[in-house]
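Breakdown of the fold
Spelled out, the chains give:
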Amino acid sequence: MGMHLNERILIAGVGGQGVLSLGHTIAQAAALEGRWVSWVPSYGAEMRGGVTTCTVVISDTPVLCPVVDSFGSFIALAPQASNLGSLVETTGLVLCDNKYSHLVRLGKDIRTVTIPAGDLGERLSLTRYINMIFLGAYLALQPVVSFTAVELALKDIFGQGEEIASVNQKALLAGKEYIEHNA
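Nothing here was measured: the structure is a model prediction, and the numbers come from that model. Residue positions are counted from 1 within each chain, in the order its sequence is given. In keeping with the model being predicted, local features are shown solely for residues with a pLDDT of at least 70 and side-chain atom pairs are shown and tallied solely at 80 or more, while totals for entire chains, interfaces and linings include all residues. As a convention, hydrogens and water are excluded, and side-chain values are obtained from all of the structure's heavy atoms.

**Some details on unusual backbone geometry**
One non-glycine residue with positive phi stands out, namely T91, at about 70°. For T91, a relative accessible area of 65% gives the class exposed. Three exposure classes are used, based on accessible area relative to the maximum for each residue type with a 1.4 Å probe and protein chains only: buried under 20%, partly exposed in between, and exposed over 50%.

**Quick word on the pattern of salt bridges**
Counted as salt bridges are all cases of a side-chain nitrogen of Lys or Arg within 4 Å of a carboxyl oxygen of Asp or Glu. All chains considered together, the criterion is met by four salt bridges. Two residues, E89 and R8, come together in a salt bridge whose shortest N-O distance is 2.4 Å. Residue E89 is located in strand β5 (residues 88-97), and its partner R8 is located in strand β1 (residues 6-14); the two are separated by 81 residues in the primary sequence. The exposure class assigned to R8 is buried, which follows from its relative accessible area of 16%. Where helices and strands are cited, they refer to DSSP runs of H or I of at least four residues and of E of at least two residues respectively, numbered from the N terminus.

**Let's talk about the pairing of β1**
On a regular strand, each side chain points to the face opposite its neighbour's, so the side chains alternate between the two faces of the sheet. When you tally the buried positions in β1, you get eight out of nine residues, the bulk of the element. A strand pair is defined by DSSP finding two or more bridges across the two strands. Where β1 meets strand β3 (residues 51-59), nine bridges bridge the pair, whose relative direction is antiparallel. From the neighbouring strand, L10 faces β3, where its bridge partner is T55. Relative to strand β4 (residues 71-76), β1 runs parallel, the two being bridged by four bridges. Note that in β4 the partner of I9 across the bridge is S73.

**Side note on the sheet that holds strand β6 (residues 111-115)**
The strand order across the open sheet formed by six strands is β2-β3-β1-β4-β5-β6, and the pairing between neighbours is mixed. Both edges of this open sheet fall to β2 (36-42) and β6, since each of them pairs with a single strand only. The mean angle between the axes of side-by-side strands here comes to 15°, regardless of whether they run parallel or antiparallel. Pairing geometry for β5 and β6, over five bridges, is parallel. From the neighbouring strand, V94 faces β6, where its bridge partner is T112. Only heavy atoms enter the contact rule, under which two residues are in contact if any of them lie within 4.5 Å. Each axis is a line fitted through C-alpha atoms, taken for helices only over the stretch in contact, and angles between the N-to-C directions span 0 to 180 degrees. Lying over the sheet, helix α1 (residues 19-32) contacts β1, β2, β3 and β4, oriented at roughly 10° with respect to β3.

Purely spatial values, then, with no claim about function.
Right, here's the structure in full:
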């Protein structure tokens, strides 16, 4: 390993997009791998329609302060979240849909990766699982947890339901493969 792991991830979107379950899944996967984790959800003023965010900190030492004000990674699930790009630190990573990447205002050294998550979701009938398409893409770029741990975490969170697991799986792979073929 050598490198000390301290990944701070901001995930944001609108209510109903699965922002919190995306964060929960990463946090659970990291915990399964024996990392120290914090997962802090925060809801917009309106539960639906407002911007929902959650922050995940994954570290190989105890997380002393779960409240973070700058991030190494930002996953933007909706155009409404794009103004949060200013919270990403220099050399950080922003992942968003190519349809609204032009809205994300960033510092100069920030790496922005766009994926057609919405289009992929429609094409594969996974519109309700776009959060998992983003997660697959994110982990292809920043392998902070293994896909195996994510699969186990999804089973923990959503129960052993074969169907839901396989749909999430399909969405994860769609994001991962998009990055592998296009990044």
